[in-house]
Amino acid sequence: MHLTKTACAANLMTHSLPYLLFLLAAGVAVIVLLTTRFRVPAFFALLAACLLVGTGIEFPLTQTVDVMKTGFGNVMKSLGLIIALGTTLGVLLEYTGSTTVMASALLKLLGNRLAPLAMSITGFVVGLPIFCDSGYIVLSGLNKSMAKRTGISVATMSVSLATGLYAIHCLVPPHPGASAAATAIGIDFGRLILVGALVALPAMVVGNLWAGYAGKGSVEVSDDEMDDTAGAGISPSLMKACLPVFVPIILIALKSFLTTGDKTSGWLSVVNALGDPSIALLVGVLLAFNCKRRWTKAELNTLLHNSVEKAGGILMIIGMGGAFGAILAATKIGEHFGQSVALGSMGIFFPFLLTSVLKTAQGSSTVAIITASSLVLPLLPALGLDTETGRLLCVLAMGAGSMMISHANDAYFWVIARFSGLGMKTMLRVYSVASLLMGLTTLAVVYLLSKIL
């Protein structure tokens, strides 16, 4: 076995950089082709890419599988509980109507004239624990009623909500893309949550402004396609609705930024434990149970079962993304790049461009950022990003790239169209262009941060 691994390592050194680049391009092309043209689930597309690259670098099949299992297992160890608990929290907030309570409070505060901004902020806040597609479905009924009440076009209101959700989804854990990238690249979750949320704010504003400009005069809406799916029974108070969202964020942030003193003693040890992302999200889940007065055994079983099923599908994709990353790391392409290509001048623009191409080609922001993080990881030293701050900027740049460009191959695109009643032409003109502008805005903010930090 030792001789086999030694021989494989020797073979890697004989492969030229152009050949390795060809393999990487082929692997990415397989993912894009299978997921877009043939509608193959991302898990199996990533599996095929792993086998292709492993064969290309002349690994025995058994060793390729061993490397894949190691990468898959590392991701499960790092993200399994986080994704499962984050998904459960989102499902509970949807079911109890907590998201609608938060949205109504913002609308009441800002008034009808600023209703689009209220919807953007609602999406931004609700999007912290809930995936963008779920959040949009939950809030679509409220969005429709606000459009009727204010006379503001459905396109403006819908895209304002959609871009608020989208901005936070692409940049902040516990969303799967950002979580996987943070784990792969090696940065602190709490720091990414706080900095990512700040970086997402300008993207949200740009999305809102474009929605207000491009959505004027649009009257497309089909009432029979828009149902209010939010909540069940008596809605919780605003305080109860907000606690499951903000308490976990505060706990994680405290652990990340409370760096003075001995964390192994006294109350600091408690904060350190509660600030673990898995424990913090568990606290959020427990608080979410308080958003409904009475629970039946049947509804609890159904909700928790649905949560696990939803999380399982996400984890399979993320885990196989980790396997693909392990295979790419085994090619030693980072060393070849460092010796042959001057990537230092590209910096954050390389991960941004790579993720943008992947996102636009295959549609999923999550798959794009997971794949890109696998490709970028061995290149961090050559890109000049192999520092704590550099890695943070790299993940944010990939988040910016994962916004560009949402169009007909993106499931979220169709969620918006389906629940808003907007036609393809309007969606492309208002929402797709908004996603392009959001990505460029986020890149500009990250570039400014790179000059300051």
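Residues numbered from 1 in each chain as written. Predicted model: local features only at pLDDT ≥ 70, side-chain atom pairs only at ≥ 80, totals over all residues. Heavy atoms only, no water.

Q: Could you give an account of the overall build of the chain, with specific residues and numbers?
A: Counting secondary structure elements, the chain contains 21 helices and zero strands. Counting across all 453 residues of the chain, residues that qualify as buried make up 55%. Put simply, 82% of the contacts in the chain that link residues at least 6 apart link residues at least 24 apart. Counting only carbon and sulfur atoms, one obtains 68% of the accessible surface of the chain, whose full area is about 18,600 Å². (Helix = DSSP H or I, 4+ residues; strand = E, 2+ residues; numbered from the N terminus. Buried < 20%, exposed > 50% of the residue type's maximum accessible area, 1.4 Å probe, protein only. Contact = heavy atoms within 4.5 Å. Areas by Shrake-Rupley, 256 points an atom, 1.4 Å probe, with all protein chains shown as cover.)

Q: Lay out the packing of helix 2 (residues 17-36) against helix 16 (residues 349-362) with the relevant residues and their values.
A: The interhelical angle for the contact between helix 2 and helix 16, taken along N-to-C directions, is 25 degrees, at an axis separation of 9 Å. In terms of orientation, helix 2 and helix 16 fall into the roughly parallel class. Residues Val 28, Val 32, Thr 35 and Thr 36 of helix 2 form the contact with helix 16, whose participating residues are Leu 358, Ala 361 and Gln 362. Across the contact of helix 2 with helix 16, the residue classes break down as four nonpolar, three polar and no charged. (Axes fitted to C-alpha atoms, helices over the stretch in contact; angles between N-to-C directions. Parallel < 35°, antiparallel > 145°, perpendicular 65-115°, else oblique. Nonpolar A, V, L, I, M, F, W, Y, C, P; charged D, E, K, R; others polar.)

Q: Can you explain the packing of aromatic side chains? Please cite residues and give values.
A: Where two aromatic rings form a pair, the distance of their centres and the angle of their planes describe that pair. For the coordinates displayed, the defined rule picks out ten aromatic pairs. Measuring from centroid to centroid gives 6.4 Å for Phe 413 and Tyr 431, while their planes differ by 50 degrees, and the two rings are tilted. Highlighted residues: Phe 413 in helix 20 (residues 411-420) and Tyr 431 in helix 21 (residues 424-452), separated in sequence by 18 residues. The class for Phe 413 is buried, based on a relative accessible area of 0%. A cation over an aromatic ring shows up here: Lys 292 above the ring of Trp 295, its NZ or CZ 5.4 Å from the ring centre. One residue, Arg 418, lies across the ring of Phe 419, its end atom 5.2 Å from the ring centre. (Phe/Tyr/Trp six-rings, centres within 6.5 Å; stacked < 30°, edge-to-face > 60°. Lys NZ or Arg CZ within 6 Å of the ring centre and 35° of its normal.)

Q: Please provide a residue-by-residue account of the environment of Leu 107, values included.
A: Structurally, Leu 107 can be placed in helix 5 (residues 98-110). With ten residues separating them in the primary sequence, Leu 107 and Leu 117 have C-alpha atoms 8.9 Å apart. Excluding residues that lie within four positions of it along the chain, Leu 107 makes contacts with Ala 115, Ala 118, Met 119, Leu 142 and Met 146.

Q: So what about the side chain of Ser 420? Which residues, and what values?
A: Position of Ser 420 relative to the elements: it lies in helix 20. Polar contacts involving the side chain of Ser 420 include one to the main-chain carbonyl oxygen of Ile 416, which spans 2.5 Å. In this structure the side chain of Ser 420 is engaged in a polar contact, spanning 3.4 Å, whose partner is the backbone nitrogen of Leu 422. (Polar contact = N/O pair within 3.5 Å; in protein donor to acceptor, adjacent residues only side chain to side chain.)

Q: Provide a residue-level description of the pattern of salt bridges, including the pertinent values.
A: Evaluation of the coordinates by the stated rule reveals five salt bridges. Across the pair Glu 299 and Lys 292 runs a salt bridge whose closest N-O atoms are separated by 3.1 Å. Like Lys 292, Glu 299 is buried. For Asp 410, the salt bridge goes to Lys 359, with nearest N and O atoms at 2.8 Å. One end of the pair, Asp 410, is in the loop between helix 19 (388-401) and helix 20; the other, Lys 359, is in helix 16, with 51 residues separating them in the sequence. Classification of Asp 410 as buried rests on a relative accessible area of 7%. Under the relative-accessibility criterion, Lys 359 is labelled buried at 0%. (Salt bridge = Lys/Arg side-chain N within 4 Å of Asp/Glu carboxyl O.)

Q: I'd like a description of the environment of Leu 393, backed by residues and values.
A: Mapping Leu 393 onto the fold places it in helix 19. Classification of Leu 393 by relative accessible area gives buried; the value is 6%. Sequence separation between Leu 393 and Val 446 is 53 residues; the distance between their C-alpha atoms is 6.5 Å. When residues no more than four places from it in sequence are discounted, the contact partners of Leu 393 are Ile 348, Val 446, Leu 449, Ser 450 and Leu 453.

Q: Explain unusual backbone geometry residue by residue, including any values.
A: Here the amide bond leading from Pro 173 into Pro 174 is cis, since omega sits at 10 degrees, within 30 degrees of zero. With respect to the helices and strands, the residue Pro 174 is situated in the loop between helix 8 (154-171) and helix 9 (176-185). Look at the link from Met 404 to Ile 405: it is a cis peptide, with omega at -10 degrees. Among the secondary structure elements, Ile 405 is positioned in the loop between helix 19 and helix 20. Phi is positive for Arg 39, which is not a glycine, with a value near 55 degrees. Locating Arg 39 in the fold gives a position in the loop between helix 2 and helix 3 (42-56). With relative accessibility at 60%, the residue Arg 39 sits in the exposed group. In this model, Glu 58 sits at a positive phi of 65 degrees, which is unusual for a non-glycine residue. For Glu 58, the position within the fold is in the loop between helix 3 and helix 4 (61-96). By relative accessible area, which is 42% here, Glu 58 ends up partly exposed.

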